[in-house]
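Secondary and tertiary structure notes
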Amino acid sequence: MFCRIARGELPADVVHRADGLLAIRDIAPKAPVHVLCFPERHLATFREISLLDPAEAKRLLDFVAETAERVGLDDYRVIVNVGPEAGQTVFHLHWHVLGGRTLPFP
Ligand code: 5GP
(Lines give C-alpha, C1' and ligand atoms only; values in the text may rest on other atoms or scores of the structure.)
Protein backbone atom coordinates (compact mmCIF):
# COMPACT_ATOMS: atom_id res chain seq x y z
CA MET A 1 0.00 0.00 0.00
CA PHE A 2 2.80 2.45 0.84
CA CYS A 3 4.40 1.45 -2.49
CA ARG A 4 1.22 2.64 -4.21
CA ILE A 5 1.30 5.91 -2.25
CA ALA A 6 4.96 6.37 -3.26
CA ARG A 7 4.00 5.81 -6.93
CA GLY A 8 1.18 8.38 -6.65
CA GLU A 9 -1.51 5.73 -7.23
CA LEU A 10 -3.15 6.40 -3.85
CA PRO A 11 -3.62 9.85 -2.29
CA ALA A 12 -1.70 10.94 0.79
CA ASP A 13 -0.93 14.13 2.69
CA VAL A 14 2.80 14.33 1.93
CA VAL A 15 4.83 16.44 4.36
CA HIS A 16 8.35 15.61 3.14
CA ARG A 17 9.92 13.77 0.23
CA ALA A 18 13.61 13.42 -0.60
CA ASP A 19 16.16 10.84 -1.74
CA GLY A 20 13.65 8.02 -2.23
CA LEU A 21 12.05 8.65 1.17
CA LEU A 22 8.53 9.81 1.89
CA ALA A 23 6.71 11.22 4.93
CA ILE A 24 2.91 11.33 5.04
CA ARG A 25 0.32 12.14 7.69
CA ASP A 26 -1.22 9.03 9.22
CA ILE A 27 -4.79 8.46 8.05
CA ALA A 28 -5.89 7.61 11.62
CA PRO A 29 -3.67 9.79 13.85
CA LYS A 30 -2.94 8.61 17.39
CA ALA A 31 -1.60 12.04 18.46
CA PRO A 32 -2.20 15.64 17.31
CA VAL A 33 0.77 15.17 14.96
CA HIS A 34 1.27 11.68 13.56
CA VAL A 35 3.47 11.19 10.53
CA LEU A 36 4.78 8.04 8.84
CA CYS A 37 8.27 7.98 7.29
CA PHE A 38 9.25 5.24 4.87
CA PRO A 39 11.54 4.36 1.98
CA GLU A 40 9.85 4.19 -1.42
CA ARG A 41 11.79 0.96 -1.90
CA HIS A 42 9.83 -1.95 -0.45
CA LEU A 43 11.12 -3.55 2.72
CA ALA A 44 8.46 -5.45 4.65
CA THR A 45 9.70 -4.85 8.19
CA PHE A 46 12.53 -3.52 10.29
CA ARG A 47 13.88 -7.09 10.35
CA GLU A 48 15.13 -6.40 6.82
CA ILE A 49 16.99 -3.22 7.78
CA SER A 50 20.35 -4.80 6.87
CA LEU A 51 19.24 -4.69 3.19
CA LEU A 52 19.93 -0.94 3.33
CA ASP A 53 23.53 0.08 2.99
CA PRO A 54 24.95 2.18 5.83
CA ALA A 55 24.53 5.45 3.93
CA GLU A 56 20.86 4.67 3.16
CA ALA A 57 20.18 3.73 6.77
CA LYS A 58 21.80 6.94 7.99
CA ARG A 59 19.82 8.98 5.46
CA LEU A 60 16.60 7.34 6.64
CA LEU A 61 17.29 8.26 10.27
CA ASP A 62 18.22 11.81 9.27
CA PHE A 63 15.00 11.98 7.25
CA VAL A 64 12.93 10.99 10.29
CA ALA A 65 14.53 13.80 12.33
CA GLU A 66 14.12 16.30 9.46
CA THR A 67 10.46 15.35 9.12
CA ALA A 68 9.80 15.89 12.83
CA GLU A 69 11.35 19.35 12.56
CA ARG A 70 9.41 20.11 9.39
CA VAL A 71 6.05 19.36 11.05
CA GLY A 72 6.97 21.57 13.99
CA LEU A 73 7.86 18.97 16.59
CA ASP A 74 10.55 19.58 19.16
CA ASP A 75 9.70 16.73 21.52
CA TYR A 76 8.31 13.62 19.87
CA ARG A 77 8.26 9.81 19.88
CA VAL A 78 9.58 7.56 17.11
CA ILE A 79 8.12 4.06 16.89
CA VAL A 80 8.66 1.10 14.58
CA ASN A 81 6.23 -1.78 15.08
CA VAL A 82 7.88 -5.04 14.01
CA GLY A 83 5.42 -7.84 13.23
CA PRO A 84 1.72 -8.28 14.01
CA GLU A 85 2.24 -9.03 17.68
CA ALA A 86 3.93 -5.64 18.05
CA GLY A 87 1.06 -3.93 16.24
CA GLN A 88 2.39 -3.81 12.68
CA THR A 89 -0.53 -3.69 10.24
CA VAL A 90 1.17 -2.32 7.11
CA PHE A 91 4.00 -4.52 5.88
CA HIS A 92 6.13 -1.81 4.35
CA LEU A 93 8.85 -0.60 6.71
CA HIS A 94 7.87 2.70 8.30
CA TRP A 95 8.67 4.92 11.26
CA HIS A 96 5.85 6.56 13.21
CA VAL A 97 6.61 10.09 14.42
CA LEU A 98 4.14 11.21 17.08
CA GLY A 99 3.88 14.43 19.05
CA GLY A 100 1.90 17.53 19.81
CA ARG A 101 0.92 16.49 23.33
CA THR A 102 2.39 14.77 26.37
CA LEU A 103 2.80 11.11 25.42
CA PRO A 104 2.45 8.47 28.15
CA PHE A 105 4.84 5.53 27.85
CA PRO A 106 4.34 2.93 26.48
P1 5GP B 1 1.57 -0.06 11.76
O2 5GP B 1 0.31 -0.49 12.49
O3 5GP B 1 1.85 -0.99 10.61
O4 5GP B 1 2.75 0.17 12.64
O5 5GP B 1 1.22 1.36 11.17
C6 5GP B 1 0.46 1.53 10.03
C7 5GP B 1 -0.12 2.92 10.07
O8 5GP B 1 -0.55 3.25 8.78
C9 5GP B 1 -1.35 3.04 11.00
O10 5GP B 1 -1.11 4.04 11.99
C11 5GP B 1 -2.48 3.42 10.03
O12 5GP B 1 -3.38 4.35 10.59
C13 5GP B 1 -1.73 3.99 8.85
N14 5GP B 1 -2.37 3.79 7.57
C15 5GP B 1 -2.96 2.65 7.12
N16 5GP B 1 -3.40 2.82 5.87
C17 5GP B 1 -3.09 4.10 5.52
C18 5GP B 1 -3.29 4.87 4.33
O19 5GP B 1 -3.84 4.42 3.33
N20 5GP B 1 -2.84 6.15 4.34
C21 5GP B 1 -2.21 6.69 5.43
N22 5GP B 1 -1.81 7.96 5.34
N23 5GP B 1 -1.99 5.99 6.57
C24 5GP B 1 -2.43 4.70 6.60
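All figures in this text were calculated on a predicted structure; none of them were measured in a lab.

1. A short note on the site of the ligand
- In the vicinity of the ligand there are 18 residues, among which Asp26, Asn81, Gly87, Thr89 and His96 approach most closely.
- Note that an oxygen atom of the ligand is positioned 2.7 Å from one of the backbone N or O atoms of Thr89.
- Starting from 520 Å² of accessible surface for the ligand in isolation, the protein chains cover 86%.
- Elements that contribute at least two residues to the shell around the ligand include exactly helix H1 (2–6), strand E2 (21–25) and strand E3 (33–39).
- By residue class, the composition of the shell around the ligand is eight nonpolar, seven polar and three charged.

2. As for the environment of His92
- Its place among the elements puts His92 in the loop between strand E4 (76–79) and strand E5 (95–99).
- A relative accessible area of 1% places His92 in the buried class.
- In this structure the C-alpha to C-alpha distance between His92 and Leu43, which are 49 residues apart in sequence, comes to 5.5 Å.
- Non-local contacts of His92, meaning those with residues more than four positions away in its chain, are made with Phe2, Cys3, Phe38, Pro39, Glu40, Arg41, His42, Leu43 and Ala44.

Basis of the calculations
- Residues numbered from 1 in each chain as written.
- Predicted model: local features only at pLDDT ≥ 70, side-chain atom pairs only at ≥ 80, totals over all residues.
- Heavy atoms only, no water.
- Near = heavy atom within 4 Å.
- Polar contact = N/O pair within 3.5 Å; in protein donor to acceptor, adjacent residues only side chain to side chain.
- Areas by Shrake-Rupley, 256 points an atom, 1.4 Å probe, with all protein chains shown as cover.
- Helix = DSSP H or I, 4+ residues; strand = E, 2+ residues; numbered from the N terminus.
- Nonpolar A, V, L, I, M, F, W, Y, C, P; charged D, E, K, R; others polar.
- Buried < 20%, exposed > 50% of the residue type's maximum accessible area, 1.4 Å probe, protein only.
- Contact = heavy atoms within 4.5 Å.

Geometric values such as these leave the question of function open.
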